[in-house]
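For reference, the chains in residue letters:
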Amino acid sequence: MKNILYLSHDGIFDHIGKSQILPYIIKNSKGNNFYLLTFEKKIHLNNISSMKLYLDGMGIKWYPKNYHISLIGKLYDFINMLFSVFFIISTNKISLVHCRSYIPSMSTFIIKKFYKIKYIFDIRDFWADEGIEIKKYKFIYKFFKKMEGKIINDSSEIVCLTKSAKKYILDNYKNKYENIHDKKISVIPCGTDFSLFNPSNFKKIEITNLKKRLRLNNKKVLLYYGSIGQNYLLHKKIKFFKCLKSNNDWIFLFIVNNDTEDLKNLLLKNGLRHIDFLIINLNRIDIPIYLMLADLSIFFYRKGMRSIGCSPTKLADLFAMNIPIITDNNLGDMNSIIKFNKNKSELINIFNYHQIRTKTYKIIDNKKNINIRNNSKYFNYIYGAKKYSDIYNKL
């Protein structure tokens, strides 16, 4: 049984924390002692005590810290993480550190100069490249990018979300560093809880009643599910919807976890009417039944280095619920994942009226029974948790 320190600058109350951190740790906590260090936002501080009790009951020792947004605040978070890791390692005989993304990995890279310790660089997507491309304070992200190869080389194992990211790492760093090779890199995409996201959990009458309550009867539902922001190309989603709504038989359902008021104003500003869309913010546990309303879901992502390493959490949720998608091919491993005969989904490469309607109605009008869920079990988080367990045991 290993003592494993799990580091994340994301909080466990965030959407990502609930879906991509806690389930994996809990699943592997029976065979390991986990020490969890996260940074939680102010709005969640009232829930700290109850979550601490819950995690204590699971045998997980949690060290929650306050999350800061400003540049100075993030610098403080980094220093706080550094000293906290020193303390946890020195008092708990930690044998392995699991670092989620760049800031935790940088802190452990420094600490390894003082302690002989193994660590996993769970790279997620290429965060440093995104910062260079679209964020302020580019000098910080350039520093992390410069350190990227050194941290990858120094780590004991690398985890990335996509095969495309693995290829990038090998192509760019394998010949520059002696400790970067194929067997050191594991690909574990974002998964989901197939027991929570399960269409069988709901009766037909429940879906019918929900449609009535939301006034969606006789409407086809186009769904966007996830976050709103610069990376997620809202203008492209709006154009897609406008190509479908000519007969007023479609409605655009947004299930989002941020900026709902800004989203409403942007939709109205871009020519949509109040009756064209519905915006809902939900707790994770309440999301599955609302996904059942969708005929089709779409998502698009800004082109750039981060998109190469991105595995959308929404993809696993949607496929688990038997919902087909349309997306573009610049995102992660979509070129190899999206197959009509497997998941009744389509890639769209030429973004015009004809292609949008052709791709959409190919999905909507096709009566072939394709069980998307059964063909997507690779995205069940249990398989990802098993891969992490194998890595922990190997190290």
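Residues numbered from 1 in each chain as written. Predicted model: local features only at pLDDT ≥ 70, side-chain atom pairs only at ≥ 80, totals over all residues. Heavy atoms only, no water.

**Student:** For this particular structure, what's the right way to read the pattern of salt bridges?
**Tutor:** Note that side chains of opposite charge can pair when their charged atoms are close. Scanning all chains against the criterion turns up 21 salt bridges. A salt bridge links Arg100 to Asp10; the shortest N-O distance between them is 2.9 Å. On the criterion of sequence distance, the pair formed by Arg100 in strand β4 (residues 96-100) and Asp10 in the loop between β1 (2-8) and α1 (15-28) is long-range, its members being 90 residues apart. The exposure class of Arg100 is buried, given its relative accessible area of 6%. Judged by relative accessible area, Asp10 falls into the partly exposed class, the value being 30%. Between Asp125 and Arg306 there is a salt bridge, with its nearest N and O atoms 2.8 Å apart. Here Asp125 is found in the loop between β5 (118-124) and α5 (127-134), whereas its partner Arg306 is found in helix α12 (residues 305-308), with 181 residues between them in sequence. For the pair Asp125 and Arg306, a shared accessibility class is recorded, and that class is buried. One network of salt bridges, in which partners are shared, links Asp125, Glu130 and Arg306. (Salt bridge = Lys/Arg side-chain N within 4 Å of Asp/Glu carboxyl O. Helix = DSSP H or I, 4+ residues; strand = E, 2+ residues; numbered from the N terminus. Buried < 20%, exposed > 50% of the residue type's maximum accessible area, 1.4 Å probe, protein only.)

**Student:** It is not clear to me how the packing of aromatic side chains should be interpreted in this structure. Could you clarify?
**Tutor:** When we look at a pair of aromatic rings, we describe it by the centre distance and by the angle of the planes. Scanning the entire structure with this criterion turns up 24 aromatic pairs. Taken together, a centroid distance of 6.3 Å and an interplanar angle of 45 degrees make the contact between Phe240 and Phe351 tilted. Pair noted here: Phe240 is in helix α9 (residues 234-244) and Phe351 is in the loop between β13 (346-347) and α16 (353-365), with a separation of 111 residues, a long-range link. Residue classification places Phe240 among the buried residues on the basis of a relative accessible area of 0%. The rings of Tyr102, Phe121, Trp127, Tyr141, Phe143 and Phe144 are connected pair by pair, giving a single aromatic cluster. Taking the ring centre of Phe351 as reference, the NZ or CZ of Lys236 above it sits at 5.0 Å. (Phe/Tyr/Trp six-rings, centres within 6.5 Å; stacked < 30°, edge-to-face > 60°. Lys NZ or Arg CZ within 6 Å of the ring centre and 35° of its normal.)

**Student:** What exactly am I supposed to notice about unusual backbone geometry here?
**Tutor:** Most peptide bonds adopt trans geometry, and most residues besides glycine take a negative phi value. Backbone geometry at Tyr137 places phi at a positive 55 degrees, although glycine is not the residue there. In this structure, Tyr137 sits in the loop between α5 and α6 (138-154). One non-glycine residue with positive phi stands out, namely Asn322, at about 65 degrees. Note that Asn322 resides in the loop between α13 (313-320) and β12 (325-327). For Asn322, a relative accessible area of 31% puts it in the partly exposed group.

**Student:** What is the right way to look at the packing of α5 against α6 in this model?
**Tutor:** Interhelical geometry of α5 versus α6 gives an angle of 150 degrees and a closest axis separation of 8 Å. Crossing of α5 against α6: the hand is left-handed. Here Trp127, Ala128, Asp129, Gly131, Ile132, Glu133 and Ile134 of α5 lie close against α6, whose contacting residues are Lys138, Tyr141, Lys142, Phe144, Lys145 and Glu148. A per-class count over the contact of α5 with α6 returns 6 nonpolar, 1 polar and 6 charged. (Axes fitted to C-alpha atoms, helices over the stretch in contact; angles between N-to-C directions. Left-handed = near helix turned anticlockwise from the far one by under 90°. Contact = heavy atoms within 4.5 Å. Nonpolar A, V, L, I, M, F, W, Y, C, P; charged D, E, K, R; others polar.)

**Student:** Would you take a moment to explain the side chain of Arg306 for this structure?
**Tutor:** Here Arg306 falls in the buried class, since its relative accessible area comes to 16%. Filtering out sequence-adjacent residues up to four positions away, Arg306 remains in contact with Asp125, Phe126, Glu130, Asn231 and Tyr301.

**Student:** Can you walk me through a nonpolar patch on the surface in this structure?
**Tutor:** On the surface, Leu71, Tyr137 and Phe139 cluster together into a nonpolar patch covering about 320 Å² of accessible area. What makes Tyr137 partly exposed here is its relative accessible area of 44%. (Patch = residues over 30% accessible without salt bridge, like charges linked within 9 Å, V, L, I, M, F, W, Y side chains within 5 Å. Areas by Shrake-Rupley, 256 points an atom, 1.4 Å probe, with all protein chains shown as cover.)

**Student:** How should the sheet that holds strand β8 (residues 220-226) be read in this particular structure?
**Tutor:** The pairing of strands in a sheet happens through backbone hydrogen bonds and is either parallel or antiparallel. Overall, parallel pairing links the 6 strands, which are arranged β10-β9-β8-β11-β12-β13 in an open sheet. Lying at the two open borders of the sheet, with one neighbouring strand each, are β10 (277-280) and β13. Relative to β10, strand β9 (residues 250-256) runs parallel, the two sharing 4 bridges. If you follow Leu253 over to β10, its bridge partner there is Leu278. Running over the sheet, α13 touches β8, β11 (296-298) and β12 and is turned about 140 degrees from β8. (Pairing = 2+ DSSP bridges.)

These figures capture arrangement, not role.
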